[in-house]
Number of protein chains: 2
Amino acid sequence: MLLSGTVVVDADTVLHGGAVVTAGDTIAFVGDRADAIDQYPDHERRSFDIVAPGLVGAHVHSVQSLGRGIADDTELLTWLFDHVLPMEAGMDAEAMEVAATLGYLECIESGTTTVIDHLSVNHADAAFEAAGDVGIRGVLGKVLMDKDAPDGLEEDTDDALRESERLIEEYHGSCGDRIRYAVTPRFAVTCSEACLRGARELADAHEDVRIHTHASENRDEVATVEAETGMRNIEWLHEVGLTGEDVVLAHCVWTDERERELLAETDTNVVHCPSSNMKLASGVAPVVEYVDRGITVALGNDGPPCNNTLDPFTEMRQGSLLAKVDRLDSTALDADTVLEMATTNGARAAGFDRLGRLAEGWRADVIGLTTEISRATPVTGVRSHLVYAAHGDDVQFTMVDGEVVYDGEPTRVDAERVRERAQELAEAL
Amino acid sequence: MLLSGTVVVDADTVLHGGAVVTAGDTIAFVGDRADAIDQYPDHERRSFDIVAPGLVGAHVHSVQSLGRGIADDTELLTWLFDHVLPMEAGMDAEAMEVAATLGYLECIESGTTTVIDHLSVNHADAAFEAAGDVGIRGVLGKVLMDKDAPDGLEEDTDDALRESERLIEEYHGSCGDRIRYAVTPRFAVTCSEACLRGARELADAHEDVRIHTHASENRDEVATVEAETGMRNIEWLHEVGLTGEDVVLAHCVWTDERERELLAETDTNVVHCPSSNMKLASGVAPVVEYVDRGITVALGNDGPPCNNTLDPFTEMRQGSLLAKVDRLDSTALDADTVLEMATTNGARAAGFDRLGRLAEGWRADVIGLTTEISRATPVTGVRSHLVYAAHGDDVQFTMVDGEVVYDGEPTRVDAERVRERAQELAEAL
């Protein structure tokens, strides 16, 4: 396919009058539109105002999509223990599949082509099937909780790890390696030492399997871990093996100097979730300091009950705006830095090589956007437009691994039917 | 017209299976859909998922629309003096009219039916004409700057006030009283005492004319006013007559205890602009304290160069999220409080009675929204949905004073032509 328009190659380079040509699951050409047509005269042609890399949602909870809006304006512990976890515990396999499908639809409709997805304890298969069906790229993982978890969600340590291993065998590398696995402890508070160390062993035993967990989102969480282990949360995770370039830590709001050093030294990936941190009143993550230390920081929308959207453009804008007001510095986290977080940094966290830029030989995950909208007029700088003015609704076209998965409508799934069933199931829950 | 759907009457009341019937510029009926059809069998019928009051953008700069994205990620003084003010100074009457039209189109397309609009020093007529053409409700004012302003924007005090008076005579109460005037000093830094006192006199001399200015947005501004007058900024404004129920103060980020008392005692309207305050790194306004003191707080998107959108839903969400993280309290500024800010409080700031609720006898400013979107599914609480999940793009229908001004497309203006001309003019500037 030959996709022409203003091509955002990456956070540094924009080609006006450009084109991207895909062949199979790979980008074959990026350059001038006229040259593209010369070299690929028979390719199907599509034209957009902006052609950009698909964005990476590096921390999402697709299976919480049925809970959009269930606990707005409530205190965090009430939110988690009275609303979100009971909802997860009450979901059967069908509810889990519908929720995950809805979440992935929202992603591909708004420009996210890759997710790192924190599922639930039960019925993880349903989400893997949903990701396969929708056509999104994903690093998914069943949640591990073997202590202090609510009824219906706490498991025996060995059972939980064994089930994770089964899922790895079943789904890791599936759909032409579009779907991969991350071992996914919920967080240190609900996981024993054996569980956390077991997660590291599982990841080490399988090539390209990641580790994905929440870390230091909340002050109470940090205090609990410190009381139980005598260590700060990130130090504890490091102690049990959960740091490193294959580890994705969501949030990292409350870290001290030593923990930040640890994150940098071990090349651990941090996922900033600004809207979630704001709405749940968790705090402001020290993202500028992380970036200054060379830590890979990606972006995540977290879940629909705490955001309430999976729109990656909302999150880019929010990441930048929150850093600016927090530091009283209007130059903080500029558009290019944030765009890098949502593309190449997200790809790095997810562990896919050749992902997050539009370049020859890279994976063909591409989005097309319109700017023929009053709120998007005029466009001054294209990358800045994407971060501060664009919205997921501007996305007209989404391609993953060279396949068109969204073209005004999702191509592989009946979205209307999914939405209807989701509304019914949400009302029943 | 008979508009049926889930009717959001105001921040307290929602009618499922409801309807709003309009007759001329007024709401004739709000209640059950079946009753509405019984009583008004011959009215044209339209159906939406949600029917809500039109929202109020209580501090906008429509004429800055050509500068969307011109100075992202720059320091505030550079932003203002090297980009925004020179742009305003360089705009002729056509550029001003196109910019204002574009701004008003963005408003009605995304659910804003009323604006309090800070124009520029020159060519204010163009914006009044544009507001008349687009069909939006507005309280507009030519900007006053008689000291320390850039070339091309500084005026003689008497000339500036005389020109304001001419505009009042020409436009205040025009278009069936849909368009009104606000005397609009830019801010205390660029206005002499004579100018500020003159603004008060002008407002007092004309019924329903408001006063609209920026106040205490920035720490340097507050320090400058204090150095010049020996008073805190709000005390100074109070001293020269610029407090009171007819006064609209945008921002109010940096206020002390005495200033907050003054705002409350005088019933002065405050406009919170969270996205602008974040992006320009101005700071976090103490909005929860204002609300607790009973001060009327409305919401504003400010201008496209500092936001970069006029979407009122973005601003409701942002207002709530920013308060939550600032106070580390996830219950702060809940959905209903924010919805009140964007409706009845905004109407109060604008000075229009019977505006901001869907009730019998009130002005027929109504919007219709869809929720048939993946990112809007499921809807749990309707008011909460509007604040946290909805987006301006969900608005399908906008009515002002009983007239349909947007119905998928703006009804009175050729939006495509405006956008094309805006892009050309922006490139030329």
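Every value quoted in this text rests on a predicted model; they were computed, and no experiment measured them.

Colleague: Give a description of empty space enclosed by the protein that names residues and reports values.
Modeller: Summed over all chains, the structure comprises eight cavities of 30 Å³ or more. If you add up the space inside the largest cavity, you get close to 290 Å³. If you go around the largest cavity, you meet 22 residues; those closest to its centre are T314, R317 and H391 of chain A together with T314 and H391 of chain B. In terms of residue class, the lining of the largest cavity is built from eight nonpolar, eight polar and six charged.

Colleague: Describe the packing of helix α3 (residues 93-109) of chain A against helix α4 (residues 124-134) of chain A, naming the residues involved and giving the relevant values.
Modeller: Residues and elements named next belong to chain A. Across the interface, α3 lies against α4 with an axial gap of 8 Å and an inter-helix angle of 35°. The chirality of how α3 crosses α4 is right-handed. When α3 is examined against α4, the residues A93, M96, E97, A100, T101, Y104, L105 and I108 are found in contact with a partner set consisting of A126, A127, E129, A130, A131, D133 and V134. When the residues that make up the contact of α3 with α4 are grouped by side-chain class, the tally is 11 nonpolar, one polar and three charged.

Colleague: I'd like a description of the domain arrangement of chain A, backed by residues and values.
Modeller: Residues and elements named next belong to chain A. Assigned domains within chain A: domain 1 (2-53 + 355-407) and domain 2 (55-350). Inter-centroid distance (C-alpha atoms) of domain 1 to domain 2 is 28 Å. Each side of the interface is counted separately: domain 1 has 25 residues, and domain 2 has 32 residues. It is L355, V387 and Y388 in domain 1 that bury the most area against domain 2; as a group they hold 27% of the surface buried on that side. The interface formed by domain 1 and domain 2 contains three salt bridges. A salt bridge links R137 to D365, with the shortest nitrogen-to-oxygen separation between them at 2.8 Å. Counting across the interface, domain 1 meets domain 2 through nine residue pairs in polar contact (both at pLDDT 80 or more). By residue number, the principal contributor to the side of domain 1 that touches domain 2 is helix α15 (residues 382-388), which donates five residues. The class makeup of the residues in the side of domain 1 that touches domain 2 is 15 nonpolar, five polar and five charged.

Colleague: Break down unusual backbone geometry for me, citing the residues and quoting the values.
Modeller: In this chain, T377 of chain A is followed by P378 of chain A through a cis amide linkage whose omega measures -10°. By the secondary structure assignment, P378 of chain A is in the loop between β14 (366-369) and α15. Phi is positive for L333 of chain A, close to 40°, though the residue is something other than glycine. On the secondary structure map, L333 of chain A appears in the loop between α13 (312-327) and α14 (335-350). The phi angle at A281 of chain B is positive, at roughly 55°, despite the residue not being glycine.

Colleague: Describe the sheet that holds strand β1 (residues 2-8) of chain B, listing the residues and the values that go with them.
Modeller: Adjacent strands of a sheet form backbone hydrogen bonds with each other and so pair up, either parallel or antiparallel. All names here are of chain B. With mixed pairing, the seven strands of this open sheet are ordered in space as β3-β2-β1-β4-β14-β15-β16. Bordering the open sheet on either side are β3 (26-32) and β16 (403-407), each of which pairs with just one other strand. Across the sheet, the mean angle from the axis of one strand to that of its neighbour is 35°, orientation sign disregarded. In this sheet, strand β15 (residues 395-400) lies alongside strand β14 (residues 366-369) in antiparallel orientation, the contact comprising four bridges. Paired with L369 across the bridge in β15 is V395.

Colleague: So what about the relation of the copies chain B and chain A? Which residues, and what values?
Modeller: The transformation that overlays chain B on chain A combines an axial shift of 0.0 Å with a rotation of 180°, and the residual RMSD is 0.0 Å. Both copies of the chain, as the preceding transformation shows, are related through a two-fold rotation axis. Residue D393 of chain B of chain B places its C-alpha closer to the rotation axis than any other residue of that unit, at 3.7 Å.

Colleague: I'd like a rundown of the side chain of E106 of chain A, residues and numbers included.
Modeller: By secondary structure assignment, the location of E106 of chain A is in helix α3. Relative accessible area serves as the criterion here: at 2%, E106 of chain A is assigned to the buried category.

The rules behind these values
- Residues numbered from 1 in each chain as written.
- Chains lettered and ligands numbered in written order.
- Predicted model: local features only at pLDDT ≥ 70, side-chain atom pairs only at ≥ 80, totals over all residues.
- Heavy atoms only, no water.
- 1 Å grid on protein atoms, 1.4 Å probe; cavity = no way out; pocket = protein on both sides within 12 Å on 5 of 7 lines; lining within 4 Å.
- Points joined across faces, edges and corners; volume = space filled by probe spheres on them.
- Nonpolar A, V, L, I, M, F, W, Y, C, P; charged D, E, K, R; others polar.
- Axes fitted to C-alpha atoms, helices over the stretch in contact; angles between N-to-C directions.
- Helix = DSSP H or I, 4+ residues; strand = E, 2+ residues; numbered from the N terminus.
- Left-handed = near helix turned anticlockwise from the far one by under 90°.
- Contact = heavy atoms within 4.5 Å.
- Domains from an automatic or database assignment.
- Buried area = accessible area lost by both parts, 1.4 Å probe.
- Salt bridge = Lys/Arg side-chain N within 4 Å of Asp/Glu carboxyl O.
- Polar contact = N/O pair within 3.5 Å; in protein donor to acceptor, adjacent residues only side chain to side chain.
- Pairing = 2+ DSSP bridges.
- Least-squares fit on C-alpha atoms with pLDDT ≥ 70 in both.
- Buried < 20%, exposed > 50% of the residue type's maximum accessible area, 1.4 Å probe, protein only.

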